[in-house]
Amino acid sequence: MSLGIRLHVTSNLTLTFHPQTTIRRAGHSTSIRPRSIYRSNPLILLRRTMSAIPSHKSSSSTIKSSLIEPDGGDLVDRVVPESERAAKALEVESMPKVSLTQIELEWVHVISEGWASPLNGFMREDEYLQTLHFNCIRTKDGTIVNMSLPIVLAIDDEAKERIGASQNVGLVGPAGDLVGILRSIEIYEHNKEERIARTWGTTVPGLPYVEEVITPAGNWLIGGDLELLKPIKYNDGLDHYRLSPRQLREEFDKRQADAVFAFQLRNPVHNGHALLMNDTRKRLLEMGYKNPILLLHPLGGYTKADDVPLDVRMEQHSKVLEDGVLDPETTIVAIFPSPMHYAGPTEVQWHAKARINAGANFYIVGRDPAGMGHPTEKRDLYDPDHGKKVLSMAPGLEKLNILPFRVAAYDMVEKKMAFFDPSRAKDFLFISGTKMRTYARNGENPPDGFMCPQGWNVLVRYYESLQAEEATQQAAVLSA
């Protein structure tokens, strides 16, 4: 398993493991060149070159995972206290209104709970430009925090005219209910082509988020400070999984975690994923951590049409724990509410940054994170290795330990998922997400050891239900 790490310790010592590493300590600076982070032993610290450097086990350098500072120092919470909600709701009645789509409501959810800390609302123009051009924001005290995705709210000409000179607007949810207030607003031009080109690195047609959100959006962006009238609930049977950053930090403390390693996915968990997660915990224990906790954190906002739906994925994840593939005692399964952009190395920075705010101090990154196939050509849209390389260099992510990993594949000799060994490449079978879905859709079983049986059955039932629904629709069309 080939991993690279950056170690951040909560003292005045910082060790940053890059192609060139600088050790800084109280007026002392020394540069060293470790081996490539993509070929080094994954979680083994470099030999100390200064006898005064404390070890991980000393009390001054112990990392307390839930105490890793949120970006900006304080975790943002934009939910109005219950005692003030009636007065705020009355106030918003007289304000101009802006209607939200479901995806915009998901962004309200993200902002309100502090996933985007220190962002207090939808971006004003200075925040937007910094994000678009620098992938980071400079706070008032001069601190640089990572912010790679524009978190913005678009309005059309009619809404802009309706708002006029008003300083505040009310936000109306997709169901017509009053959701919140945007205060001290700023309206500025929405240059869609520039936004798309800088976020995705291309303006090729067929980008899912662009077609779903940006193309039909208005030509103006409105930014301001958010006040959410009450916590957002989806009432889909999954709200108990939607733990806020504050709730996750409390849970990490409750479990006495001294390291939290986050793993994001938008696909069902197969045994290759489990191999990676279990191996990471083992290596953290070897480093001297006593109780590393896994945050299994599936993305719960907008995803493209051919991705497995959230409710199916959550049921499948629960079966993985029931079958003992992952240990429930050392695993927290929660939903990350962000919509998906499929913007590759740009977006994976957002995914990592949000986990800092949730209290995780290790982030696992694999092949082609947040990527997708090219919409018009038979290739990946992004270089599969660029995501992990960008994370190792991204400004504002220095305090997060990035864990790149090797690809896992099905070992046909051992009949299980294993880390790919190039020296016997012919013994390995790569089962892509497309291949996995084809197996399930056709009612075929994957090779033994690819996925736990109960988890696989969840997928088979889902695709059977899709086929039944398609057959019903075809019959209705023929009989019309």
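Values in this document were obtained by computation on a predicted structure and should not be read as measured data.

What counts, and where the lines are drawn
Residues numbered from 1 in each chain as written. Predicted model: local features only at pLDDT ≥ 70, side-chain atom pairs only at ≥ 80, totals over all residues. Heavy atoms only, no water. Phe/Tyr/Trp six-rings, centres within 6.5 Å; stacked < 30°, edge-to-face > 60°. Lys NZ or Arg CZ within 6 Å of the ring centre and 35° of its normal. Core = buried A, V, L, I, M, F, W, Y, C linked by side-chain atoms within 4.5 Å. Buried < 20%, exposed > 50% of the residue type's maximum accessible area, 1.4 Å probe, protein only. Helix = DSSP H or I, 4+ residues; strand = E, 2+ residues; numbered from the N terminus. Contact = heavy atoms within 4.5 Å. Pairing = 2+ DSSP bridges. Axes fitted to C-alpha atoms, helices over the stretch in contact; angles between N-to-C directions. Arc of directions from axis to C-beta. Parallel < 35°, antiparallel > 145°, perpendicular 65-115°, else oblique. Left-handed = near helix turned anticlockwise from the far one by under 90°. Salt bridge = Lys/Arg side-chain N within 4 Å of Asp/Glu carboxyl O.

Student: I would appreciate a short explanation of the packing of aromatic side chains in the present structure.
Tutor: Here the distance between the centres and the angle between the planes together describe a pair of aromatic rings. Taken as a whole, this structure holds 10 aromatic pairs when the rule is applied. By the ring-pair criterion, three or more aromatic residues cluster together here, those being Trp107, Trp115, Phe336 and Trp350. The aromatic ring of Trp220 is capped on one face by Lys160, whose charged end is 4.6 Å from the ring centroid. The cationic tip of Arg355 hangs over the ring face of Phe336; the distance from NZ or CZ to the ring centre is 4.0 Å.

Student: Is there a simple way to explain the nonpolar core in this structure?
Tutor: The nonpolar side chains of a soluble globular protein tend to be buried, and buried together. Ranked by size, the top nonpolar core spans 79 residues in total, and within it Met123, Ile151, Trp200, Trp350 and Tyr363 carry the most contacts. If you tally residues by element for this core, the top one is helix 2 (residues 102-113), at six residues. Apart from the residues within four sequence positions on either side, Tyr363 is in contact with Ala262, Gln264, Val348, His351, Ala352, Arg355, Leu391, Leu400, Asn401, Ile402 and Leu403. Core analysis: the second largest hydrophobic core is formed by 27 residues, Leu238, Ala259, Leu296 and Leu321 among them.

Student: Is there a simple way to explain the sheet that holds strand 15 (residues 362-365) in this structure?
Tutor: Backbone hydrogen bonds hold the strands of a sheet together, and the pairing may be parallel or antiparallel. The strand order across the open sheet built from five strands is 14-13-12-15-16, with neighbouring strands paired in parallel fashion. The strands lining the two open edges of the sheet, one partner per strand, are strand 14 (331-333) and strand 16 (401-404). Each adjacent strand pair in this sheet contributes to an overall mean axis angle of 25°, direction not counted. By the bridge criterion, four bridges tie strand 15 to strand 16 in an arrangement that is parallel. Looking at strand 16, one finds that Val365 is bridged to Pro404. Packing of helix 7 (residues 245-254) onto the sheet brings it into contact with strand 12 (259-263), strand 13 (292-296) and strand 14, and relative to strand 14 it is tilted by some 160°. Its contacts with the sheet put helix 8 (residues 271-287) on strand 12, strand 13, strand 15 and strand 16, and the angle it makes with strand 12 is roughly 160°.

Student: For this particular structure, what's the right way to read helix 5 (residues 192-200)?
Tutor: Restricting attention to buried positions, one finds in helix 5 the residues Lys192, Arg195, Ile196, Thr199 and Trp200. Taken down its axis, helix 5 places every buried residue within 95° of arc, on the same side. Gly201 lies just past helix 5 and shows a positive phi near 75°.

Student: I tried to follow the pairing of strand 17 (residues 408-411) on my own but got confused; where do I start?
Tutor: A regular strand places its side chains on the two faces of the sheet in alternate fashion. Of the strand pairs in this sheet, strand 17 and strand 18 (residues 416-419) are connected by four bridges, and their pairing is antiparallel. Along strand 18, the bridge assignment pairs Ala409 with Ala418. In this structure, strand 17 lies alongside strand 19 (residues 428-429), joined through two bridges in antiparallel fashion. Following the sheet pairing, Tyr410 is matched in strand 19 by Leu429.

Student: How do you make sense of the sheet that holds strand 17 when you look at a structure like this?
Tutor: Strand order in the open sheet made by the three strands is 18-17-19, with antiparallel pairing throughout. The outermost strands of the open sheet, each flanked by one partner alone, are strand 18 and strand 19.

Student: Teacher, can you tell me more about the packing of helix 9 (residues 310-322) against helix 13 (residues 453-479) here?
Tutor: Packing of helix 9 against helix 13 brings their axes to within 7 Å, and their N-to-C directions diverge by 160°. One element, helix 9, and the other, helix 13, form an angle in the roughly antiparallel class. You can see that helix 9 and helix 13 cross each other, and the crossing is right-handed. Across from Val312, Glu315, Gln316, Lys319 and Glu322 in helix 9, the residues of helix 13 making contact are Gln454, Gly455, Val458, Leu459, Arg461 and Tyr462.

Student: Explanation requested: the environment of Pro375 in the structure shown.
Tutor: Among the structural elements, Pro375 can be located in the loop between strand 15 and helix 11 (386-393). Residue classification places Pro375 among the partly exposed residues on the basis of a relative accessible area of 30%. The spatial distance from the C-alpha of Pro375 to the C-alpha of Leu207 is 6.7 Å, given a sequence separation of 168 residues. The residues touching Pro375, leaving out its near neighbours within four places in the chain, are Val204, Pro205, Gly206, Leu207 and Leu381.

Student: Please clarify how the pattern of salt bridges should be interpreted in this entry.
Tutor: Between side chains of opposite charge, pairing is possible as soon as their charged atoms come close. Going through the model one piece at a time under the given rule, you end up with 23 salt bridges. Note that Glu251 and Arg255 form a salt bridge whose closest N and O atoms lie 2.8 Å from each other.

Student: I keep staring at the pairing of strand 11 (residues 220-228) and nothing clicks. Help me out?
Tutor: Of all nine residues in strand 11, seven are buried; the element is thus mostly enclosed. Relative to strand 11, strand 8 (residues 154-155) runs antiparallel, the two sharing two bridges. Following the sheet pairing, Ala154 is matched in strand 11 by Leu221.

Geometry only, nothing functional implied.
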